[in-house]
Structure formats: structure tokens, C-alpha cells
Amino acid sequence: MKAKSYDWMARHNAVVERVKQGNVDLLLIGDSITHMWGGVPQPGGPGQFLWDKYFGSRNAVNLGFGWDRTQHVLWRLEHGEIDGISPKVAVLMIGTNNLGTNSANDIATGVDTIVSNLRHKLPKMKILVLGIFPRDAKPDTFMRKEIASVNSKISVLGKEKGIVYLDLGSKFLEPDGSISPEMMGDYLHPTPKGFAIWAREMEPTLAKLFGDKPRD
């Protein structure tokens, strides 16, 4: 996302206002990668064309915010974004913006703290924790190695009741481990093709957690 492309606090307030209306069954929590699904409360982005099919009928709200790190998500969860609702499922992917600033251990701790917060505030909600998506064109970069380390650490969350861990990273990679610009134009954010793969690959697990039929 480009600098100054949106007002962070205005988006937060819009989410809070939507949540106050109730009827929220699905939360998508994350950073700009999740933000780009569009949907509610702010339509638009490369994933928007998939929103209605996969998320709209599940009364979803997009809690993805550009540039967010784990600590920003925690702040948002403590300031009204999940108050007074009882969602069935939350999808969480966060941490890529912490890379290079925080250690893999610290990032994993941040993800774990978010999950603990969600479980405390919304104990009946199931949580789908996604491994951080790969980034950078080539497979042997610092970021790729750090992502692998973080994902290894947070994968253990999937052993807890009501939590599923899913790593879709390989679905975005070429056979040699590289990322094609057709999949991620900037080697970080999925293109419409990337979002279509994300939706398709996540859907069986999401439908199972939701207790409904997979969207074809």
C-alpha cells in the first residue's frame, strides 16, 4: 500500500461503528495483505472481486490495516474492534511488518498474544491462524528465512483446541522457490491471481470451521 493511501484512525473508527451494528460472524485480521481483500468497511483492492463469494454471506468484517504490526493489532482489539460481538471464526495473519525490527521469537510471541487476547474476549470463536506469506523474489533472502522461523514457532498454536494453523505459502511459489510478479506484483502483496489462490486454498478449512458448505 502506498503511503497516505488511507487514514488509519478513520478506518479503525469505521470498523468500530460496523461492529456496533452486530451481526458479525467472520473476522479477517491482519495488515495490508488482509486489508486488500476490501469488503467491509472499505471496498476496493485486488481481492474485492472475491469478497462477496467467499466472505460477504458470512457477515465478514475486514480488520486488516496497512502497515500494521502485531502490536497495532493488539491495540485495536483492546479499543473496540471486537466488543459486543460473537463471531464464529477469525482468520489471523500478521507479522510480516515486524520483520527486520523484531526477532522471530518476538514476532511469534506477538502472534501468540493476539490469539490469547481473542480467546479471552471471544471464547466461543474458532481461530484460523495463517502462516506469514512468503515475500521477496528469491527463496534465500533474510526475510524468507525469518518467515520460515516465525511460522515454525506459531504452527504449534494449531495444537490448541479451537485453533487451526494453516500454511499456504507454498501455493504462491514457483517450483524453484521464487515468487512470480504475476502472483505478487511487489513480491509481498498478492495480485488478483494471488488472492484467488488464497481464497480457493483457504476455503475448505474455513468452511469446516464455519460449519457451512465450501464456496465453489
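The structure we're discussing is the one just above.
As the structure is a computational prediction, the values presented were derived from the model and not from experiment. Each chain has its residues counted from 1, running along the sequence as written. pLDDT decides what is reported in this predicted model: residues at 70 or higher carry local features, side-chain atom pairs at 80 or more are listed and counted, and totals for whole chains, interfaces and linings draw on all residues regardless. Derived side-chain values reflect all non-hydrogen atoms in the structure, with water molecules and hydrogen atoms excluded from consideration.

1. With respect to the overall build of the protein
The secondary structure listing takes helices from DSSP runs of H or I that are at least 4 residues long and strands from runs of E that are at least 2 residues long, numbered from the N terminus. Within the protein, the regular secondary structure consists of seven helices and five strands. In sequence order, the secondary structure elements of the protein are arranged as α-β-α-α-β-α-β-α-β-α-β-α. What you see for the protein is a C-alpha radius of gyration of 16 Å, in line with the 17 Å of a compact globule of 216 residues. Dimensions of the protein, computed from C-alpha atoms along their principal axes, come out at roughly 45 × 40 × 35 Å. The reference for a compact globule is 2.2 Å times residues^0.38; the radius of gyration itself is calculated from the C-alpha atoms.

2. Side note on the pattern of salt bridges
For salt bridges, the criterion is a side-chain nitrogen of Lys or Arg within 4 Å of an Asp or Glu carboxyl oxygen. In this structure the tally under the stated criterion is 11 salt bridges. Note that R58 is salt-bridged to E203, the shortest N-O span being 2.8 Å. Placement of R58 in the loop between α3 (48–54) and β2 (60–64) and of E203 in helix α7 (residues 192–210) is noted, with a sequence separation of 145 residues between them. Comparing R58 with E203 shows no difference in burial state: the two are buried. Between R58 and D212 there is a salt bridge whose closest N-O contact spans 2.9 Å. Note that R58 is positioned in the loop between α3 and β2 and D212 in the segment after α7, a separation of 154 residues in sequence. The buried category is assigned to R58, whose relative accessible area is 1%. What you see here is one network of salt bridges that share partners, running through R58, E203, D212 and R215. Categorising residues by exposure relies on relative accessible area from a 1.4 Å probe, with only protein chains included: less than 20% of the type maximum marks a residue as buried, more than 50% marks it as exposed, and the intermediate range marks it as partly exposed.

3. Considerations on the pairing of strand β1 (residues 26–30)
Counted residue by residue, β1 has five buried out of five residues, so it is predominantly covered. What you see with β1 is no split at all: L26, L28 and G30 on one side and L27 and I29 on the other are buried throughout. By the convention used here, strands pair only if DSSP detects at least 2 bridges between them. Two strands pair when backbone bridges link them, and β1 and β2 are joined in this way by five bridges, in the parallel orientation. Following the sheet pairing, L28 is matched in β2 by N62. Bridge count for β1 against strand β3 (residues 89–93) is five bridges, and the pairing is parallel. What sits directly across from L26, in β3, is V89.

4. Some thoughts on unusual backbone geometry
Of the consecutive residues V40 and P41, the connecting peptide bond is found in the cis state with omega at 15°. With respect to the helices, strands and loops of the structure, P41 is situated in the loop between α2 (32–35) and α3. In this model, W67 sits at a positive phi of 75°, which is unusual for a non-glycine residue. Assignment of secondary structure puts W67 in the loop between β2 and α4 (70–77). Residue W67 is classed as partly exposed on the basis of its relative accessible area of 38%. A positive phi angle, near 60°, is found at Y187, a position not held by glycine. Mapped onto the secondary structure, Y187 falls in the loop between β5 (163–166) and α7.

5. Looking at the sheet that holds β2
Read across the sheet, five strands follow the order β2-β1-β3-β4-β5 without closing on themselves; strand pairing throughout is parallel. Each having just a single partner strand, β2 and β5 make up the two edges of the open sheet. On average, adjacent strands in this sheet sit at an angle of 15° to one another, irrespective of strand direction. Relative to strand β4 (residues 126–130), β3 runs parallel, the two sharing four bridges. By the bridge assignment, V91 is partnered in β4 with L128. Note on definitions: a residue-residue contact is assigned when non-hydrogen atoms from the two residues lie within 4.5 Å. Think of each axis as a best-fit line through the C-alpha atoms, taken over the contacting stretch in the case of a helix, with angles from 0 to 180 degrees between the N-to-C directions. Along the sheet, helix α5 (residues 104–121) makes contact with β1, β3, β4 and β5, crossing β4 at roughly 165°.

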